[in-house]
Amino acid sequence: MSNYVQRFLLENLDIRGAVVHLDSVWQEMLSGRSYPQLVTQLLGEMSAITLLLSENLKQTGRLIIQLAGSGPISMLIMDCTESLHLRGMAKCEQTIEVQSVPDLLGHGHLVLTLDMPSMRESYQSIVPLDGKTIAEIFEHYFRQSDQLPSRLFLATTHNAIFGLFLQKLPNADLQDPDGWVRTETLAATIQDHKLFDLTAEEILTRLFYEETIRIFDAQSVQSGCQEDPAKIYSMLRLLGREEVDSILKEFGEVIVSDDICNREYRLDALAIDAIFREAEPTIH
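- Going by an unreviewed UniProt entry, the chain carries the name Molecular chaperone Hsp33 and comes from Nitrosomonas ureae.

**Quick notes on helix α6 (residues 179–187)**
1) Next: Of all the positions in α6, only Gly179, Trp180, Thr183, Glu184 and Ala187 are classed as buried. Looking straight down α6, one finds its buried side chains confined to an arc of 130°; they lie on one side. Counted as exposed and oriented over 90 degrees from the buried face of α6: Val181 and Thr185.
2) Next: Those residues of α6 that are buried are in contact with β1 (4–10), β2 (15–22), β8 (150–156) and β9 (161–168).

**Here we look at the environment of Lys58**
1) Next: Mapped onto the fold, Lys58 is located in the loop between α2 (37–54) and β3 (62–69).
2) Next: Once the C-alpha coordinates of Lys58 and Ser83 are considered, the two residues, 25 residues apart in sequence, prove to be 9.3 Å apart.

**Some thoughts on the pairing of strand β13 (residues 254–258)**
1) Next: Covered by surrounding structure in β13 are Val254, Val256 and Asp258 only, the residues Ile255 and Ser257 on the alternate face being uncovered.
2) Next: Where β13 meets strand β14 (residues 263–267), five bridges bridge the pair, whose relative direction is antiparallel. Paired with Val254 across the bridge in β14 is Leu267.

**Here's the deal with the domain arrangement of the chain**
1) Next: Once the domains are mapped, the chain shows domain 1 (4–223) and domain 2 (229–278).
2) Next: Computed over C-alpha atoms, the centres of domain 1 and domain 2 are 37 Å apart.
3) Next: Counting from both sides, the interface comprises eight residues of domain 1 and, opposite them, four residues of domain 2.
4) Next: Contact with domain 2 buries area across many residues of domain 1, yet Arg33, Arg87 and Met89 alone supply 71% of it, more than any other trio.
5) Next: The tally of links from domain 1 across to domain 2 stands at zero salt bridges.
6) Next: Summed over the shared surface of domain 1 and domain 2, the result is four residue pairs in polar contact (both at pLDDT 80 or more).
7) Next: Elements represented by at least two residues in the side of domain 1 that touches domain 2 include exactly β4 (73–81) and β5 (85–92).
8) Next: Considering each element in turn, the side of domain 1 that touches domain 2 owes the most residues, three residues, to β5.

**Notes on the pattern of salt bridges**
1) Next: In this structure the tally under the stated criterion is 14 salt bridges.
2) Next: The residue Asp273 makes a salt bridge to Arg241 at a minimum N-O spacing of 3.2 Å. Of this pair, Asp273 sits in helix α10 (residues 269–279) while Arg241 is found in helix α9 (residues 241–251), placing the two residues 32 residues apart along the sequence.
3) Next: Residue Arg266 pairs with Glu264 through a salt bridge whose shortest N-O separation is 3.0 Å.
4) Next: A network of salt bridges, in which partner residues are shared, links Arg241, Asp245, Asp273 and Arg277.

**With respect to the packing of aromatic side chains**
1) Next: By the definition in use, this model includes three aromatic pairs.
2) Next: The interplanar angle of 35° and the centroid separation of 6.4 Å between the aromatic rings of Phe8 and Phe208 together place this pair among those described as tilted. In this pair, Phe8 is assigned in strand β1 and Phe208 in the loop between α7 (200–207) and β10 (213–215), connecting sequence segments 200 residues apart.
3) Next: Site record: aromatic cluster; members linked through ring pairs are Tyr141, Phe142 and Phe165.

**Concerning unusual backbone geometry**
Residues apart from glycine generally show negative phi values, whereas peptide bonds are mostly found in trans.
1) Next: Here Asp14, not a glycine, exhibits a phi torsion of approximately 55°, which is positive.
2) Next: Structurally, Asp14 can be placed in the loop between β1 and β2.
3) Next: Look at Asp14 and you get buried, because its relative accessible area is 18%.
4) Next: For Asn262, which is not glycine, the phi dihedral falls at a positive 55°.
5) Next: Note on placement: Asn262 falls in the loop between β13 and β14.
6) Next: Using a relative accessible area of 38% as the deciding quantity, one classes Asn262 as partly exposed.

**Comments concerning the nonpolar core**
1) Next: Grouped together as the largest cluster of nonpolar side chains are 55 residues, with contacts concentrated most on Leu51, Leu76, Leu110, Ile134, Phe138 and Leu152.
2) Next: Counting residues per element, this core draws most heavily on α2, which supplies ten residues.
3) Next: Not counting residues within four places of it along the chain, the set of residues in contact with Leu152 comprises Ile49, Leu52, Ala135, Phe138, Glu139, Phe142, Leu164 and Phe165.
4) Next: Counting residues in hydrophobic clusters, the runner-up holds 22 residues, among them Val19, Ala160, Ile190 and Phe196.

Reading guide: rules and limits
Residues numbered from 1 in each chain as written. Predicted model: local features only at pLDDT ≥ 70, side-chain atom pairs only at ≥ 80, totals over all residues. Heavy atoms only, no water. Buried < 20%, exposed > 50% of the residue type's maximum accessible area, 1.4 Å probe, protein only. Helix = DSSP H or I, 4+ residues; strand = E, 2+ residues; numbered from the N terminus. Arc of directions from axis to C-beta. Contact = heavy atoms within 4.5 Å. Pairing = 2+ DSSP bridges. Domains from an automatic or database assignment. Buried area = accessible area lost by both parts, 1.4 Å probe. Salt bridge = Lys/Arg side-chain N within 4 Å of Asp/Glu carboxyl O. Polar contact = N/O pair within 3.5 Å; in protein donor to acceptor, adjacent residues only side chain to side chain. Phe/Tyr/Trp six-rings, centres within 6.5 Å; stacked < 30°, edge-to-face > 60°. Core = buried A, V, L, I, M, F, W, Y, C linked by side-chain atoms within 4.5 Å.

Written out as structure tokens, the structure is:
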């Protein structure tokens, strides 16, 4: 698979982690969007981290992660289901000058929302943006939520995303006092984009060649932007025939924009009539 999340364990060090790789799913997310290079980089890093968090979902649901601030990149938002259907977008100025991540994002917050049918209401966590990079912002979040030292190593191009996650488990220092520092140092060499062409097993055995590595089954990632006009029709019915007809009269058509999937639905009078006729009860 070329779009996957694959977890692993360095057994003799008590350090766990995961590899993320995306290509076609990432390219589809960028299709039709003209993001500046810096925006593409940050959105790619967010994609990898979102998959790492979503892969832990054990029940039907979705995780929505949002970085929102006052900078020229005002929002990065990712949405992922428990089956790793991923979608995302950025809101930004058309021209972005090269500057630090804190300046690009400005003052703002990291918001994580967990929405599951089994929950009475959505769970939400809001923390300030704290870090010089996207990786540091989420490493800070992991320290607060998991209370375990964690590291993220991320690389993004227009064609592919690669991410490596490491987390130090409670018995790591008992197993090897130098193991965590050694593992961090080796992991920092993954910035070479040639690694994009290797499998997770090849990458891990190259990086941690002296360690015993248990590699778990890969989880496939798919695009979360399948076209679903039925949702649009349902939304219009909830809006009501009178309201929809007033929009139709004013503009000649009804346009519904799906920003996160970069898709637009255009409906003329005939299409609107058919939508509401389908909702009418059948009389026998």
